[in-house]
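# Report on the structure
These are the residues of each chain, in order.
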Number of protein chains: 2
Amino acid sequence: MPWSASNKTTSTDQIRAVYRLTGEAGEARARAEDLCIEQTVEFPRDLIHREDILDGIVGKVISLNGISDQEMEADIAFPAEVAGSELTQLLNVLFGNISLKPGIRLTNLTLPDSLLEAYQGPRFGQQGLRQLLGVPNRPLLCTALKPMGLDARELANLAGRFALGGMDMIKDDHGLADQSFCRFEDRVARCAETVREANARTGRNCLYCPNVTAPAEKLMDRAHFAKRSGAGGVMIAPGLAGFDAMRTLTDDDTLILPLLSHPAFLGALTLHTASGIAHGVLYGQINRLAGADACIFPSHGGRFSFTEAQCHDIANATAAPMGKLRTILPAPAGGMDLARVPELIRFYGNDCILLIGGDLHRHEGDLVKSCRKFVD
Amino acid sequence: MPWSASNKTTSTDQIRAVYRLTGEAGEARARAEDLCIEQTVEFPRDLIHREDILDGIVGKVISLNGISDQEMEADIAFPAEVAGSELTQLLNVLFGNISLKPGIRLTNLTLPDSLLEAYQGPRFGQQGLRQLLGVPNRPLLCTALKPMGLDARELANLAGRFALGGMDMIKDDHGLADQSFCRFEDRVARCAETVREANARTGRNCLYCPNVTAPAEKLMDRAHFAKRSGAGGVMIAPGLAGFDAMRTLTDDDTLILPLLSHPAFLGALTLHTASGIAHGVLYGQINRLAGADACIFPSHGGRFSFTEAQCHDIANATAAPMGKLRTILPAPAGGMDLARVPELIRFYGNDCILLIGGDLHRHEGDLVKSCRKFVD
């Protein structure tokens, strides 16, 4: 349980967070000090007369470095105890109130081992996923069931053809929830069944990953329904359901399914480079802390606006050391097409999940052939 | 239950959402059409050959109006069925994938009654809160227990003095979670107790509202612990815990406590006016849909950057018609001081909660007198 390790946290353990402050250089010191207050005691500094609070609670500016005329980098240390052992409060300390202030971006995050130990983290990670799929080296291949509006039977038919075609993973489109035109249980039961049948024919272990993003009290039920139905993994959008809701999935000892994290509703946090949270920290590190085995994000060159550097940042964060947390797989997506596969592999290397959705349908009537083209 | 009304949703019910698109005017039509696809089928339009999907699932551009050289307003209709009866999926339809694209801001939202009926909404709202407090007309007065680092006994002492001083509501600082230096249960039990004792002396009904923002599986336990301890309300930060987690609090028929919504971690959604979600829609309407009885936000003129217009937008959204959902109270906060009270009342009118935190402590040693000054 994530809060069980709190006793191990000593007062010397620190969360280290680097923030880029945009604005007048002369104000940087004051703004960095202000940030230390805002994210902890949120109280006028001149009214705090207690040394234990100034020393043990308020953040500290470790260094302040100019990176351009209008940009400074503040390295700040927060006592780990302030974040307790709860992801909700950790996110609050890192970016709660300052999300409301302009010109502050969290660009780098280092968590002490004592805090990391409180998190289960990804159950499978890169190695676990590869082992499950029996694919030791090449990039993993994933596609999505869409478009929304197809009924459960039609989606299941698609899923079966994708699995026969050689996909490693098949996920629900993230807009498939529990709508009247396609109920969650009907869809999941049928899709899991056709993928199982296809696996029996191919001898492979294609994983069907339904979208379990759901109302809070339904999330666990959906994930367990997925498992009982034979789904090989699940997908959740932490921006919609909460990062901590995703964490409950990885922490459930009776579930143990690979988790795909979808970026819906999170974009505002990364869109403006002078504010929010850096791509690597959010889609990489925070997803990993919350237990995702793979993080889906819109790759550069698709129909979104992430740059090559931002995509690199995510890919790096999925594999960088983070205590005992497993490394995970980046899943570039968002308007990828078959023709770009070689370029994507050059960019991301083999340790990624290539997620190609709509483009697989370009060869209507011969979906299996399209998949094979993608796989080969 | 929020999904129970889904059968009532007919195919003619529409969610109407206005988006401001920033960029070249010549591209506005294509971008608006793209948004309709992105938020629903997420599939190449030329590959959709089914009329039922084009008609019944894909969003439709109702109108497109230039508001400046570089800004267009697109009024878009989504079939209500696409959002089902789940808040997570509604947020996804409104701003899921497009949160990842630049230059798109959700500025206006109208939900059909069939969808609104699926939501319980605020249990108390403006009238309910006033009735509970016995304060029919004047602004309600609220303060926060801080600074973080005080132990439960010290915070309880403060709470008692605030209640004796005449506060209507006393909330935990939103950074008070369940840290080793101040455990949730200890704090809540002690603070509720001193506020109860103070109420017995004053004859008033000051509401202590602990912060129940917590890991997903602990949220309900904390809220019910608060109730059992005699807390008069609870506070939650939906940006940290999820809007739908807040919704579960209002939907719980055994809880029935006023809910304060705190804006931590939500700021990135409203900070840049060319993207994200408008202040009124996010802090006003979505909070209300998710059951908040009052929404805390950083007022103009404090230590945050919201403008007067943005604050007006929030205040308006708390009271504008929204099906049968109760109107709620805006709670301007964030570095307010006693001297500004008359100005704040002129701006917000009487229907608000004035939230003053740190400044009440400026008169150390005579906190009750400070409170009285605030109340009178």
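Here, every reference points to the structure presented above.
Residues numbered from 1 in each chain as written. Chains lettered and ligands numbered in written order. Predicted model: local features only at pLDDT ≥ 70, side-chain atom pairs only at ≥ 80, totals over all residues. Heavy atoms only, no water.

Okay, the packing of helix α6 (residues 152-165) of chain B against helix α7 (residues 184-202) of chain B next. Residue and element names in this part refer to chain B. α7 packs onto α6 with a crossing angle of 25° between their chain directions and a minimal axis gap of 8 Å. Viewed along their axes, α6 and α7 adopt a mutual orientation that is roughly parallel. Relative to α7, α6 is oriented so that their crossing is right-handed. Together, A152, R153, L155, A156, A159, G160, A163 and L164 of α6 and D186, R187, R190, C191, T194, V195, A198, R201 and T202 of α7 make up the contact between the two elements. (Axes fitted to C-alpha atoms, helices over the stretch in contact; angles between N-to-C directions. Helix = DSSP H or I, 4+ residues; strand = E, 2+ residues; numbered from the N terminus. Parallel < 35°, antiparallel > 145°, perpendicular 65-115°, else oblique. Left-handed = near helix turned anticlockwise from the far one by under 90°. Contact = heavy atoms within 4.5 Å.)

With that settled, the discussion passes to the interface of chain A and chain B. Contacts between the two partners involve 78 residues from chain A, matched on the other side by 79 residues from chain B. For the pair chain A and chain B, the summed buried surface comes to about 7000 Å²; carbon and sulfur atoms form 60% of the total. A per-residue breakdown of the area chain A buries against chain B is headed by L100, M148 and F265 of chain A, which together make up 11% of the total. Counting the contacts that link chain A with chain B gives 12 salt bridges. E42 of chain B serves as the salt-bridge partner of R303 of chain A, at 3.1 Å between the closest nitrogen and oxygen. Counting the contacts that link chain A with chain B gives 37 residue pairs in polar contact (both at pLDDT 80 or more). Residue assignment for the side of chain A that touches chain B shows that the elements contributing at least two residues are α3 (87-95), α9 (238-241) and α10 (243-251) of chain A. (Buried area = accessible area lost by both parts, 1.4 Å probe. Salt bridge = Lys/Arg side-chain N within 4 Å of Asp/Glu carboxyl O. Polar contact = N/O pair within 3.5 Å; in protein donor to acceptor, adjacent residues only side chain to side chain.)

Our next topic: the packing of helix α8 (residues 219-229) of chain A against α10 of chain A. Residues and elements named next belong to chain A. Close contact between α8 and α10 brings their axes to 11 Å; oriented N to C, the two are set at 40°. The pairing of α8 with α10 is recorded here as oblique in orientation. For the crossing formed where α8 meets α10, the hand is right-handed. Every residue of α10 that contacts α8 at L219, M220 and A223 is listed here: A245, T248 and L249. Residue composition of the contact of α8 with α10, by class: five nonpolar, one polar and no charged. (Nonpolar A, V, L, I, M, F, W, Y, C, P; charged D, E, K, R; others polar.)

Moving on, we come to the relation of the copies chain A and chain B. Rotating chain A by 180° and translating it 0.0 Å along the rotation axis places it on chain B, where the RMSD comes to 0.0 Å. Taken together, the rotation and translation describe the operation of a two-fold axis. It is G242 of chain A whose C-alpha, among those of chain A, lies nearest the rotation axis, at 2.3 Å. Taken as a fraction of all interface residues of chain A, those also at the interface in chain B reach 100%, which identifies the copy contact as same-surface. (Least-squares fit on C-alpha atoms with pLDDT ≥ 70 in both.)

Here we take up unusual backbone geometry. Residues and elements named next belong to chain A. For the peptide bond that leads from K146 to P147, omega is 0°, which places it in the cis range. Mapped onto the fold, P147 is located in the loop between β5 (140-145) and α6 (152-165). The backbone phi angle of F265 is positive, close to 75°, even though this residue is not glycine. Within the fold, F265 resides in the loop between β9 (259-261) and β10 (276-277).

On to the sheet that holds strand β12 (residues 329-333) of chain B. Residues and elements named next belong to chain B. With respect to topology, four strands assemble into an open sheet ordered β8-β9-β11-β12, the strand pairing being parallel. Strands with a single pairing partner mark the edges of an open sheet, and in this sheet they are β8 (234-236) and β12. Recorded for the sheet is a direction-independent mean angle of 25° between the axes of neighbouring strands. With five bridges connecting them, strand β11 (residues 294-298) and β12 associate as parallel partners. Looking at the pairing, P298 lines up with A333 of β12. (Pairing = 2+ DSSP bridges.)

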